[in-house]
Structure formats: C-alpha cells, structure tokens
2 protein chains.
Amino acid sequence: MRVSELAERSGVPVATIKYYLREGLLPAGAATSATQATYDEAHVERLRLIRVLREIGGVPVAAVGAVLAAVDDPTQPLPDVIALAHHALGPPPPDEPSAEHVAARAEVAAFVAGRGWQVEDEAPSIDALAAALVALRGVTGPCGAEVFTPYADAVDGLADFELAWIDETRGVGHTIGQIVVGTVVYEQALVALRRLAEEHYSGERFGRRRRPPSRRRTPRPAP
Amino acid sequence: MRVSELAERSGVPVATIKYYLREGLLPAGAATSATQATYDEAHVERLRLIRVLREIGGVPVAAVGAVLAAVDDPTQPLPDVIALAHHALGPPPPDEPSAEHVAARAEVAAFVAGRGWQVEDEAPSIDALAAALVALRGVTGPCGAEVFTPYADAVDGLADFELAWIDETRGVGHTIGQIVVGTVVYEQALVALRRLAEEHYSGERFGRRRRPPSRRRTPRPAP
C-alpha cells in the first residue's frame, strides 16, 4: 500500500509517519521508485503500537524507540520487555529518595512479597507505591502498606485475564506487542473506570451534582 | 511556625513555598514584621495537598489553582469538586473526536449506564475509556465495551472503601481535601499494583527474567 493508505489504515497522519521513518521507529517500505515506497500489514501493526504508546501511554518518542527495540528482539524474554515498558511509562523513581521514601519502599516491598508476588527489587512500581504511601501518611497520619490490600485484591485477577487473552500463535513479536498494548490500554481503562465508579458512589453518598441536566431541544414539527 | 519549619513539616522547599504564595495557591501567613510571617497547621495541610496534586497527580500549577478554589468553596457540592479533579488530572478529551471515537464513546456510555453507574454525560473518563476501546480494536480487531467488565468489577468495591475512610467531622474543606487526595494517591497505588501483578503473573507464565540476581558483597571479616 502507499503511504496515504498506510495513514488511513493506521490513523497516523502522513507527516507523522515520515517523522517516525526518519527517527527509525518505523522500518522503511520497499522502494518502488526514487521517491515512492510501498508498505505492508507489518507497518500498519507497528504504527498502531506506536500510536498506543504515544497517545494512550504518553510515552516520549525516545522511550518508544527503546520499547520497540525490545519488541523486535526475539531473544528478549517477555518479562524483560514488560519491565522495560513499565520503566518507559513512568513515573521515574526519585533521584535522591528521602529517608521517608526509603523506609516506605522497604515496607511496600515486604507487602508485595507477602502476597507471593515475585517482582524485580528495582521495579519502578515499588517506588510509585512507596510515594503513594508517603503521601497518604502526610495527609491522614500513620498507616501501613496494608491500606493497599483492597487494591491489590482488586488487581489480582486482572493480570491472569489479560494473559489469557494473548494469542501466542502469531509469533513472538506479535505476542510482545499485544502485551505492551494490554499494559497501556487496560491501565487507562482501569483508571477511567475507577474514576467513573468514584463519581457514581460519591454521588450516592454526598448527593448528585447540582447542575441541571442539559436540555435536549425537541425538534419542531414540520409545518 | 516560621517558613523554615513549614518547609520541613510539609516536605516542600522554601523557594517553592514562596512561589506558591506568589501564585496565590497558599494563603499568606500572619505578618510578624515587615519581612516575616508566621504559618499554622492549615498551611501545612494545604501544602501537602498541593504536593500530592503536583507530584503524584502530575497536575499543572494552573489546574491546581482551580482544584483548590473548589476545595475552598464550602457551597461547592462534593461531586462537582471530584468532577473538577478528574478534569485536572487528565487526559483531556479530544478536541476533534474521530467518527470511531464518537461511536466508541456512545458504546462506553451505554456500558457504564448498564452497570447502574450514574455519571455526567461529559465525564472525561468516558472519553478515556472510548480511546482505550478504539486502541484495542486497532490492535486485536472488533470487540465491544464488555471487554472492560472484569476491570469494572475490580474497581466496583474500591470507591465504597475509599468513601468509608473519609472523616467528615473535620469540616467540608478537610473532607474535600481527603477525597481529592484519595483520588490521586489511590489511583497511583492501583496502577502500580496492577503493574506489579502483571510482572509477577507474566513471570509465572513466560518465565522469570534472565538477569541474574544482584550479588550482595559479603563484608570481609575485620583483620
């Protein structure tokens, strides 16, 4: 297909496709003349993956390159690719962690290990959880990592569900792409659903918003 | 207390406190001389709230001002403050939604209503969920909003848990501050826990990371 069709199929504008080609995020098409090239399904799939990382995950272009390099390396073990995607998605661990953060990090790591979850010692999500614990303590006073138990219970079955959804018959690159997309897209879905649930239940408890429902204009009967 | 103690108590550097004072995010202290002022517990609490919004929520300074103005207005209904916090936390809804997005948005809104959740028609989280659905379809092919059911089930009990944790005896401003903090902090915790669960379960399914465990140096016995 030509670049115009590639743009239409992937939802990525031609100018952005050319930028990704220059940056090496997208492999060059097969040249059909000095100024034209043709692209295939692999290009469509790659562009959709880049789009998810950029638009849904908010991943910077440079970090997209690192994730794609891992996706393209068939010798890279899947858990390494997932760890890399988590690093790219941020937030970055603090450069100079405070004493409070270091203490909270140790408690959070013990909490995670206590659930039987085996994760890297340096997983950035442990730092994110420690930062959340420090912030909670600042606002509500002393509390332990066990405040996160209902949240850990809530996510415990989701990873299994997502991994079951993976189609491994289409090759390692495709599988890895699916996992990275799942990480980014289902994370956005989870956050959005939680906010909607919060809006609903806070409305139940504290009353609905006062703003009157927007009036739909009734179409006038034809004369 | 003096500004130096305020900095220590809140974990916010003096220069940043002065910036927040200039921007009107933090009310002025009581003047004790031409160049000095004294601050109280309300200042500590306010700074912690700003810190959570900025550092954990990644909320821009301008949007922090809008959230604080809502927190400070005792006539503002709580659900309105929560809706404002959700807008401030982003992502912003698309300026010019595609036809795909518009269709996905209608499906997602029907899915949310089908669960009995009552939310604003224009809730930005409905757009975020629609964007996730469009992205999923681009990668996995046709699917409906019901793919989000396990995620909606997972968060259904969490909002109740968080609202139960609210201490309403300390005044409306405090309650609203707690809800906003809960939104931001527990959201970060939820995302972090989901990534940790994903790392663990993908390790169970696809094998652990190959990197050898870091060797701890055994301290040499004292000579």
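Residues numbered from 1 in each chain as written. Chains lettered and ligands numbered in written order. Predicted model: local features only at pLDDT ≥ 70, side-chain atom pairs only at ≥ 80, totals over all residues. Heavy atoms only, no water.

1. Description of the nonpolar core
For soluble globular proteins, the rule of thumb is that nonpolar side chains tend to be buried together.
Then step 1. Formed by 141 residues in total, the largest nonpolar core has its most connected members in Phe148 of chain A together with Phe148 of chain B.
Then step 2. Setting aside residues no more than four positions away along its own chain, Phe148 of chain B makes contact with Tyr186, Ala189 and Leu193 of chain A together with Phe111, Leu129, Ala132, Leu133 and Leu136 of chain B. (Core = buried A, V, L, I, M, F, W, Y, C linked by side-chain atoms within 4.5 Å. Buried < 20%, exposed > 50% of the residue type's maximum accessible area, 1.4 Å probe, protein only. Contact = heavy atoms within 4.5 Å.)

2. Looking at the packing of aromatic side chains
Then step 1. All told, the structure shown has six aromatic pairs over all chains when counted by the stated rule.
Then step 2. With 6.4 Å between their ring centres and 80° between their planes, Phe148 of chain A and Tyr186 of chain B make a pair best called edge-to-face. Within this pair, whereas Phe148 of chain A is found in the loop between α7 (124-140) and α8 (149-156), its partner Tyr186 of chain B is found in helix α10 (residues 172-206), the two belonging to separate chains.
Then step 3. A relative accessible area of 0% places Phe148 of chain A in the buried class.
Then step 4. Given the relative accessible area of 1%, Tyr186 of chain B is considered buried.
Then step 5. Between Tyr19 of chain B and Tyr20 of chain B the ring centres are 5.9 Å apart and the planes differ by 45°, which places this aromatic pair in the tilted class. (Phe/Tyr/Trp six-rings, centres within 6.5 Å; stacked < 30°, edge-to-face > 60°. Helix = DSSP H or I, 4+ residues; strand = E, 2+ residues; numbered from the N terminus.)

3. Side note on the pattern of salt bridges
Then step 1. All chains considered together, the criterion is met by 18 salt bridges over all chains.
Then step 2. Salt-bridge contacts for Arg9 of chain A lead to Glu41 of chain A; the nearest nitrogen and oxygen are separated by 2.9 Å. With Arg9 of chain A in helix α1 (residues 3-10) and Glu41 of chain A in helix α3 (residues 41-56), the pair connects residues that are 32 residues apart, well separated along the chain.
Then step 3. Here Arg9 of chain A falls in the partly exposed class, since its relative accessible area comes to 30%.
Then step 4. Residue Glu187 of chain B pairs with Arg194 of chain A through a salt bridge whose shortest N-O separation is 3.7 Å. With Glu187 of chain B in helix α10 and Arg194 of chain A in helix α10 (residues 172-206), this residue pair bridges two chains. The same class applies to Glu187 of chain B as to Arg194 of chain A, namely buried. (Salt bridge = Lys/Arg side-chain N within 4 Å of Asp/Glu carboxyl O.)

4. Thoughts on empty space enclosed by the protein
Then step 1. On inspection of all chains with the given rule, the structure shows two cavities of 30 Å³ or more.
Then step 2. Considering only enclosed or pocket space, the largest cavity measures out at about 60 Å³ in volume.
Then step 3. Considering the residues around the largest cavity, the lining is formed by Ala159, Glu162, Leu163, Trp165, Ile166, Gln178, Ile179, Gly182 and Thr183 of chain A together with Glu198 of chain B.
Then step 4. At the level of secondary structure, the elements contributing two or more residues to the lining of the largest cavity comprise α9 (158-164) and α10 of chain A.
Then step 5. Sorting elements by how many residues they give to the lining of the largest cavity places α10 of chain A first, with four residues.
Then step 6. Residues belonging to the lining of the largest cavity are distributed by class as follows: five nonpolar, three polar and two charged.
Then step 7. Those elements that provide at least two residues to the lining of the second largest cavity are α9 (158-164) and α10 of chain B. (1 Å grid on protein atoms, 1.4 Å probe; cavity = no way out; pocket = protein on both sides within 12 Å on 5 of 7 lines; lining within 4 Å. Points joined across faces, edges and corners; volume = space filled by probe spheres on them. Nonpolar A, V, L, I, M, F, W, Y, C, P; charged D, E, K, R; others polar.)

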